[in-house]
Amino acid sequence: MTLPISLDAALAFQTLDDGGLSAPVPGHFSNGPSGMAPEKGFPFGGLLAALCAQSMRQGLALTAPLRTLSVQYLSAARFGEQLAFRPRLLRGGRNVVYAAVEAEQDGRLTHHATGTYGLDGATPPVTPLHLPPPPLDSLNPRATIHGPMAPHFSQHVEYRFDGGPNILGGNEGRPAVERTGMRMADGRPLDEVGLCYLLDALYPPAWTLSKTPAAMTTVDLRIDILTDPTPQTAPDGWAFFEFRMLDLGLGWTVDEAAAWGADGTPLALSRQRRKLLPQRTA
């Protein structure tokens, strides 16, 4: 697949005069339908999370693995215009480093993130989340996201659903869960920024419960990386993901996602809070 710009190219920052970093959000990373202009949607939260993670690592010259990223989405950035990222070190230590970054466009904050970085210890692992996924070759490559209503950002992802996709009512009367193998469409090796992208690279699980799903927007996304992916656990960049709705009510929905390697190694968890948008009256 030939993509307009790769994830790695989208994460290539320019250095600002004040030492900050900047990058634009190209329109083909919109969460709007691919059959419409990017401006019918907003910049994809998974890309913004990856930008936050990469700006802290690059801007602060961090070398320890990322273990937790927490992003608050404050306002929507405009496509094609530079976003300025200003990372700062909150506390450095021998074993754990705390960092933060603010992103703004023309003086308006668009999102804020914190990152926890740290070295792993030699203690023996206890992994109750270990769960061997279905073999990749058992998943139908035609069970994917496509068509004019597929979001722009999905062109950067290769999907292989396990029993889905179930968007627009396919899970009515049963738990709102979607399971799929995923990798970046260009086959890049899976790493921390790839996990940040893929852990948000699906429609809200609540949208599988009804043929007329409510509009919503992400306000908070937290990602915990449990184990750094390797070519052995994520061959050719593939990992297996499960997205699950935890709660829907009082104007909010909360989802979680988990990622596993090919051998069942738990790679990462995420939790996302979305705000339901007011319904327009006729």
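Please refer to the structure placed before this passage.
Thresholds, definitions, all that
- Residues numbered from 1 in each chain as written.
- Predicted model: local features only at pLDDT ≥ 70, side-chain atom pairs only at ≥ 80, totals over all residues.
- Heavy atoms only, no water.
- Helix = DSSP H or I, 4+ residues; strand = E, 2+ residues; numbered from the N terminus.
- Rg over C-alpha atoms; globule rule 2.2 N^0.38 Å.
- Buried < 20%, exposed > 50% of the residue type's maximum accessible area, 1.4 Å probe, protein only.
- Contact = heavy atoms within 4.5 Å.
- Disulfide = S-S within 2.5 Å.
- Lys, Arg positive; Asp, Glu negative; His and termini not counted.
- Salt bridge = Lys/Arg side-chain N within 4 Å of Asp/Glu carboxyl O.
- Phe/Tyr/Trp six-rings, centres within 6.5 Å; stacked < 30°, edge-to-face > 60°.
- Lys NZ or Arg CZ within 6 Å of the ring centre and 35° of its normal.

**Focus: the overall build of the protein chain**
At step 1: Counting secondary structure elements, the protein chain contains three helices and 12 strands.
At step 2: Over its C-alpha trace the protein chain gives a radius of gyration of 18 Å, about what one expects of a compact globule, namely 19 Å for 282 residues.
At step 3: With 282 residues in all, the protein chain has 49% of them scored as buried.
At step 4: Sequence separation of at least 24 residues holds for 68% of the intrachain contacts in the protein chain that already meet a minimum separation of 6.

**What about unusual backbone geometry?**
Excluding glycine, residues mostly carry a negative phi; peptide bonds, for their part, are mostly trans.
At step 1: Omega for the peptide link from G164 to P165 comes to 0°, which places this bond in the cis form.
At step 2: Residue placement: P165 occurs in the loop between β7 (157–161) and β8 (177–184).
At step 3: The backbone phi angle of A61 is positive, close to 55°, even though this residue is not glycine.
At step 4: With respect to the secondary-structure elements, A61 resides in the loop between α2 (45–59) and β3 (66–73).
At step 5: Judged by relative accessible area, A61 falls into the exposed class, the value being 61%.
At step 6: At L168, a position not held by glycine, the phi torsion is positive, near 65°.
At step 7: Here L168 shows up in the loop between β7 and β8.

**Some points on the state of the cysteines**
At step 1: If you walk through the whole model with that rule in mind, you get zero disulfides.
At step 2: Take C52: it sits in no disulfide, and the sulfur closest to it among the cysteines is that of C196, at 8.9 Å.

**Considering the side chain of D200**
At step 1: With respect to the secondary-structure elements, D200 resides in the loop between α3 (192–198) and β9 (216–225).
At step 2: Buried and unpaired, D200 has no salt bridge, with R274 as the nearest side chain of opposite charge at 4.5 Å.

**Observations regarding the packing of aromatic side chains**
At step 1: For the coordinates displayed, the defined rule picks out six aromatic pairs.
At step 2: Note on F44 and Y197: the rings are 4.7 Å apart at their centroids and 65° apart in plane angle, and the pair reads as edge-to-face. With F44 in the loop between β2 (21–24) and α2 and Y197 in helix α3, the pair connects residues that are 153 residues apart, well separated along the chain.
At step 3: Counting every residue linked through ring pairs, the aromatic cluster contains F29, F44, F153 and Y197.
At step 4: Over the ring of W252 we find R273; its NZ or CZ atom is 5.2 Å from the centre of that ring.
At step 5: A cation over an aromatic ring shows up here: K275 above the ring of W252, its NZ or CZ 4.3 Å from the ring centre.

**Section: the pattern of salt bridges**
At step 1: Inspection of the entire model under this criterion finds 18 salt bridges.
At step 2: With its nearest N and O atoms 3.9 Å apart, the salt bridge here joins R160 to E158.
At step 3: Owing to a relative accessible area of 23%, E158 belongs among the partly exposed residues under this scheme.
At step 4: Linking E256 and R271 is a salt bridge whose minimum nitrogen-to-oxygen distance equals 3.6 Å. Of this pair, E256 sits in strand β11 (residues 252–260) while R271 sits in strand β12 (residues 266–276), placing them 15 residues apart in sequence.
At step 5: With a relative accessible area of 28%, E256 lands in the partly exposed category.
At step 6: Of the residues examined, R271 reaches a relative accessible area of 47% and is grouped as partly exposed.
At step 7: It is possible to trace a salt-bridge network through shared partners that takes in D162, R179, E242 and R244.

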